[in-house]
Number of protein chains: 2
Amino acid sequence: MEKHLKNAIVGQSGGPTAAINATLAGVIRGALDAKGEGKLGTLYGMRYGIEGALSDNLIDLCCRFADPRELDALENTPAAALGSCRRKLKSHTDDPDTYDRLFALFAKYNIGYFFYIGGNDSMDTVHKLSVCAEERGYDLRVIGVPKTIDNDLAATDHTPGFGSAAKYVATTVKEILRDVSVYTVKAVTIVEIMGRDAGWLTASAALPYLSGGMGPDLIYLPEVPFDTDAFIASVRAAMERHPAVLVCVSEGIRFADGEYVGAGTQSGAVDVFGHKYLAGAARVLESVVKERLGCKVRSIELSLPQRCGAHLCSLTDIRESVAVGRAAVASALSGLTGVMMTYRRTSDTPYEIEIVPMPIGGIANAVRAVPREYINETGDGITEAGLRYLAPLILGETSPIYENGLPYHIVL
Amino acid sequence: MEKHLKNAIVGQSGGPTAAINATLAGVIRGALDAKGEGKLGTLYGMRYGIEGALSDNLIDLCCRFADPRELDALENTPAAALGSCRRKLKSHTDDPDTYDRLFALFAKYNIGYFFYIGGNDSMDTVHKLSVCAEERGYDLRVIGVPKTIDNDLAATDHTPGFGSAAKYVATTVKEILRDVSVYTVKAVTIVEIMGRDAGWLTASAALPYLSGGMGPDLIYLPEVPFDTDAFIASVRAAMERHPAVLVCVSEGIRFADGEYVGAGTQSGAVDVFGHKYLAGAARVLESVVKERLGCKVRSIELSLPQRCGAHLCSLTDIRESVAVGRAAVASALSGLTGVMMTYRRTSDTPYEIEIVPMPIGGIANAVRAVPREYINETGDGITEAGLRYLAPLILGETSPIYENGLPYHIVL
C-alpha cells in the first residue's frame, strides 16, 4: 500500500442474497485493477456492514483475494461474506457522534472511497453519508451498489440478486408442480414466496409457463388487494380443470383494507426498521381452503433458501452483479459521489443493459411496485408483458465449484 | 409388437423423489434393449400406479421413448412421470376382485413382467402380487424396484432417490448456514427435514462438515428420544460459541414416551396407510426456544422441494437409479420373481456397489433405522462412521437440460 494513495472501503448490508458476494467480488476485482494501475492503495472490507466501520473491524480484501480463483469461488458463495447488519443510520444532525466515529476511521485508514452494497435501507445510509461528507468537507466518494431479491428499488430496471432468486423460485415452483401432479386426488398446494411490499419474486413463479407451458394456476401479489371469496371461486374453477391446484402468494398479500392476510397468525412484532414481521399468508389460506373446500391442502414457505440458494443462480444476474461492482469502482475513481449504480435496459430482444450511476437522493426509500400491466385483469396471474420483462433475468446457469459433493463457499 | 412375445408393465407408486424417473428410464432402456434383441414385446406404463392397471389406463413406453434424448430428459425430471398412487392392496384372499381385474388386464395385454417402483408400501404390493400370481399359476415375473428419499428400506445399503435428496438437504443446510451467519445478533434457526420414522435424510444435514468444516450445531433424529431440557441446554451452549445457532430436526422426532414433538400442532389426521400426518416439529421447537431463551428464532420446513429438487441431484444416485432399473429388466428376463432389487456396498474407498435381487418376503414392511453408532453419544449429532456411510452417496453433479433458464421436464 502506497502511503499517498487513497484507500477504499466496502460493506454489505441488509438481508442476504445469492449474488451479493458477486458484487463484492466485482468491487474487489475493480480495486485490484486500480491498485495495479497505481490509482488506489487497497480495499478494506467492513465486517458486519457499517458496524465494522464503527468498531474498527476491517479486513484487507486485496491481500485476502490475491489469488483470483478465490474470487471465482466468492462469486458463487451465498449471503454476505463480510457479514451484514440491519442498522439504519440516523441523519448526521440527529446523531453526530456516529458520524464522528465513522470519519475518524476514514481518516485513520486514509479512506477516499466508500462502497455500500445493500437494499433500500442501505441506499439511505449511502445518501446520508454522502451528504455528511460534503458538509464536513471530507473528500469521500460514496457509492451505493444495490442488491435485493425483492427487486423493489426505484430507478433501476432490476436489482442485482433478483434474477438468481427468481430463477430459484421459478425452478422450485416448476419442480413442485411436477410433485403435486402425480396424484389424481383433488389437492391444493399454496406456495409462499418472499416479498413484503412488492410482488416481483412471486411474479417470477409464472416463468415456468415459458418452459413447458405449465405453471401455477393462481398467483397473488401485494399490488392487488386480496379477496378471499374470489380466491376460493378461482381455486374451485381450477380444480374443474385438473385435480392438483397450485397457488403462489407473496408473503405480503393484503386485503382491501390494507391488513396483511398473514397478520392473523402474527404476534405483531416488527423488525428494527418498523417493518411488520411476516410469515403466514400461505398457512392462513391453507386453513381457509380446508374449511371452505374440504379438500387436501398443503402450504409451503420457500423461506430462506430462495435468497441463499447459490447453487442455482442466474448466470445473467451473477455476471451483471460482478459488472456493477466493477463499475462502482470506476465511477468512484472518476470522481462521482452520492450515486447508486443502476441498470438501464436498452433492449429486450436481444436483452441488453447499460450500467448507469444515478444521483441517490431521489432513490433511497422509494419502493418500486410491480406495474399493473404486468398483472392480469383478475389480479391472479402474470401477463405476457410481465413475463417478457422477467424472462431474460433468469437466463444461463453458473458453474459452482463442488467439493465432496457440496458447493464450495468462501468464509471470511 | 410381436404377438408371441410377452410384454412388460411398469408403475410408480408412493411419494415422489428426484430419481424415480431415472429408475423408470432404466427400465425403459432395459426394455428397449430386450425388444431389440427379440426378448420382449413392449413395455407399458401404468398411469397413477396400480390404479392404471385397474382402470386400463396405460401408455406404450417403447413408442413414447423411441427417441433416446427424451430418456436423458426423463432422468432429470422429478416426481413420478407416470403418475403415482397411495393405494395399498389387500391380500388376494381378502380382496379377490381386485386381483381378478389385475390378472384380466395382464391377460389382455399379454403381460409377463411386472415392475413396480416404490417405497415400503409398494414393495408390499409386489410381494402380494407375486404370491397371488404363483397361486393362480399365471406366469408373471414380479420385480420391485425401491425408491424412497427416506432410505428406510431393509436389505439394501441405501435406496434410489436418497442420495439426491441428501445432496439437496446438505446443500440447502450449507447455504442456510451462510445466510444465518451474516449477523452478530443471537439467533436460532431450526430446519425441519423429512423423515417420519427414520432420520437418514436429517443425518445428511451433517455432510457440510466434510466440505468446509462447518455444519449444524445440533441434529436430532427420530431414533433417539428428544429431551426438551437437554435441547435448550445444548442451544445455550452453542450460543456461547457463536451467535447464529443452527439446528436440524427430523419431522418425526419423538419424546421418550413416543409422542411426536410435532404432535401438539396436529389434528391427529392420518394418511390412508394410517401414518400420522406430521408437520410441525420445528415450529413447536421455535416456540420453546422463544419462550425459554427469548432470542430471535426462525423455523424452516424444507418441505416438498427436498424430494423433488431434480435440478440438484447426486450423479451417483441418478446413475445407480438408472442401473437398478435396467437390472430389474435383466432379472425378470432371467426368470426371477418376487424379488426386490437391492444395493450391496462392496467397498467404501473407493465406493463400489453391486446390484443384487433379494426375495421380497422378508423385506416388505420392515423399516431400517439409522444405527446407533452413526449418532453421537449425546444424541444430537452424527458420528464419523455415519458421515463415512453418507459421503459417497451425494457425489457428483448431473447436467439437467435448461430451456429458457429453467430445467426441462418430461410430462407424459
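For clarity, every value in this text was computed on a predicted model and none was experimentally measured.

A. Just the pairing of strand 10 (residues 339-347) of chain B, in detail. All names here are of chain B. Across the nine residues of strand 10, seven count as buried, placing the element largely inside the fold. In this sheet, strand 10 lies alongside strand 5 (residues 141-146) in parallel orientation, the contact comprising two bridges. By the bridge assignment, Gly144 is partnered in strand 10 with Met340. The sheet contact formed by strand 10 and strand 11 (residues 352-359) spans eight bridges and is antiparallel.

B. Representation of the relation of the copies chain A and chain B. For the pair chain A and chain B, the relating rotation is 180 degrees, the translation along its axis is 0.0 Å, and the fit reaches an RMSD of 0.0 Å. Taken together, the rotation and translation relating the two chain copies correspond to the operation of a two-fold axis. Counting the interface residues of chain A, we find that 100% of their copies in chain B are interface residues as well, pointing to one common contact surface.

C. Representation of helix 9 (residues 228-241) of chain A within the structure. Residue and element names in this part refer to chain A. Across its 14 residues, helix 9 extends 20 Å between first and last C-alpha, which sits within 8% of the 20 Å expected from 1.5 Å per residue. Considered for burial, the residues of helix 9 that qualify are Phe231, Ile232, Ser234, Val235, Ala238 and Met239. Projected down its long axis, helix 9 carries its buried residues within an arc of 160 degrees, all on one side. Away from its buried face by more than 90 degrees, helix 9 exposes Asp229, Glu240 and Arg241. Of the surrounding elements, those touching the buried residues of helix 9 are strand 6 (187-193), strand 7 (218-220), strand 8 (244-250) and helix 10 (281-293). Backbone nitrogen of Asp229 and a side-chain oxygen of the N-cap are separated by 3.1 Å at the start of helix 9; the cap is Asp227.

D. The sheet that holds strand 11 of chain B, seen in detail. Residues and elements named next belong to chain B. Strands sit in the order 3-2-1-4-5-10-11 across an open sheet of seven strands; the sheet is mixed. Taken across any chain shown, the strands that pair with only one partner, and hence form the sheet edges, are strand 3 (58-60) and strand 11. Averaged over all neighbouring strand pairs, the angle between strand axes comes to 30 degrees, with direction disregarded. Bridge analysis of strand 4 (residues 111-118) against strand 5 gives six bridges, and the strand direction is parallel. In the strand pairing of strand 5, Ile117 is matched with Val145.

About the thresholds
- Residues numbered from 1 in each chain as written.
- Chains lettered and ligands numbered in written order.
- Predicted model: local features only at pLDDT ≥ 70, side-chain atom pairs only at ≥ 80, totals over all residues.
- Heavy atoms only, no water.
- Buried < 20%, exposed > 50% of the residue type's maximum accessible area, 1.4 Å probe, protein only.
- Helix = DSSP H or I, 4+ residues; strand = E, 2+ residues; numbered from the N terminus.
- Pairing = 2+ DSSP bridges.
- Least-squares fit on C-alpha atoms with pLDDT ≥ 70 in both.
- Contact = heavy atoms within 4.5 Å.
- Expected span 1.5 Å × (residues − 1).
- Arc of directions from axis to C-beta.
- Polar contact = N/O pair within 3.5 Å; in protein donor to acceptor, adjacent residues only side chain to side chain.
- Axes fitted to C-alpha atoms, helices over the stretch in contact; angles between N-to-C directions.

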